[in-house]
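# Examining the three-dimensional arrangement
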Amino acid sequence: MAQKSILYKNQNFDISFEIVNFHLSKTLIFLHGWGSNKALMKQVFSESFKEFRHLYIDMPGFGKSKNPPFSLDTRDYAAILSILLNEIKIEEFSIVGHSFGGKVATLLNPKELILLSSAGILKKKKLKVRMKIALSKKLNQISPALGQMFSQILRSRDVSGMSQVMYETFKKVVDEDFSGIFENFKNQAFIFWGKEDSITPLDCGEKIHSLIKKSYFFPLEGDHYFFLKQAKKIEELYFKAKSI
């Protein structure tokens, strides 16, 4: 495992990463989802895609990478990782990106993009959620302190226990519409999805598939973390599609 200090917007970001099979020429980067880390991705994929050098990264605020000094959006994450890749001299690469990591991966414009239940397609919030958000905004107009208190109650489980800077980051990234980003991705994409995914439902994957012209779509059994026990299946379908 290695640590690299990256300078971005005049602030230091300490990024933890690990390279496996360094001697190989082709690089496959693994980007985790929100609330996860590189250790999970390594545990799942270390015995797969063995013709690649593996690069596992903890994005800022996750795993062994420190919290960012200010809140970020997905483009900030991509810019920081781009600097990291340049500094460790990774020039051509493919990426496996799960959920939030899928958005970051797409922005990095890899030679090949492997998405696992990627975030980026906005779904209309349920009426109950919209009413809570409207109430929070109204309370904030009346009393910022009261609005802040209600906002704390509404915090998603995805950010439970996280620092304020990561909560502010979450609020930025959760409502980003990446439809145009996916549509403008011109390289090859392999899209894998859990059929029972309730976080990024199956129709989000179908939408991304329709937007990325050079893409294959593989619905698999399971939920948002369908890939945990299906690395070999993903590898098999990836190489099968490449041979067509």
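Worth saying up front: this structure is predicted, and the values here are computed from it rather than measured.

Our focus in this paragraph is the side chain of Thr 106. Relative to the helices and strands, Thr 106 resides in helix H3 (residues 100-107). Polar contacts involving the side chain of Thr 106 include one to the main-chain carbonyl oxygen of Gly 102, which spans 2.8 Å. Not counting residues up to four positions away in its chain, the partners in contact with Thr 106 are Leu 113, Leu 115, Ile 181, Phe 182 and Phe 185.

Turning our eyes to something else, we now look at the nonpolar core. Grouped together as the largest cluster of nonpolar side chains are 45 residues, with contacts concentrated most on Leu 31, Ile 57 and Val 104. Ranked by residue count, the leading element in this core is helix H2 (residues 74-87), at 6 residues. Shared between two domains, this core holds at least three residues of each, these being domain 1 (2-122 + 177-243) and domain 2 (124-175). Excluding residues within four positions of it along the chain, Ile 57 makes contact with Ile 15, Ser 16, Phe 17, Ile 29, Phe 30, Leu 31, His 32, Lys 38, Leu 81 and Leu 84.

With 5 of 5 residues buried, strand S3 (residues 27-31) lies mostly within the body of the structure. Going residue by residue along S3, you find Thr 27, Ile 29 and Leu 31 tucked away on one face and Leu 28 and Phe 30 tucked away on the opposite face as well. Where S3 and strand S4 (residues 53-58) come together, 5 bridges link them in parallel fashion. Each bridged residue has a counterpart across the sheet, and for Thr 27 the counterpart in S4 is Arg 53. Note that the unit made of S3, helix H1 (residues 38-45) and S4 has a crossover that is right-handed. Sheet analysis places S3 next to strand S5 (residues 93-98), joined by 5 bridges and oriented parallel. Opposite Leu 31, over in S5, you have Gly 97 as the bridge partner.

Cut-offs applied
- Residues numbered from 1 in each chain as written.
- Predicted model: local features only at pLDDT ≥ 70, side-chain atom pairs only at ≥ 80, totals over all residues.
- Heavy atoms only, no water.
- Helix = DSSP H or I, 4+ residues; strand = E, 2+ residues; numbered from the N terminus.
- Polar contact = N/O pair within 3.5 Å; in protein donor to acceptor, adjacent residues only side chain to side chain.
- Contact = heavy atoms within 4.5 Å.
- Core = buried A, V, L, I, M, F, W, Y, C linked by side-chain atoms within 4.5 Å.
- Buried < 20%, exposed > 50% of the residue type's maximum accessible area, 1.4 Å probe, protein only.
- Domains from an automatic or database assignment.
- Pairing = 2+ DSSP bridges.
- Right-handed = clockwise from strand over helix to strand, strands pointing away.

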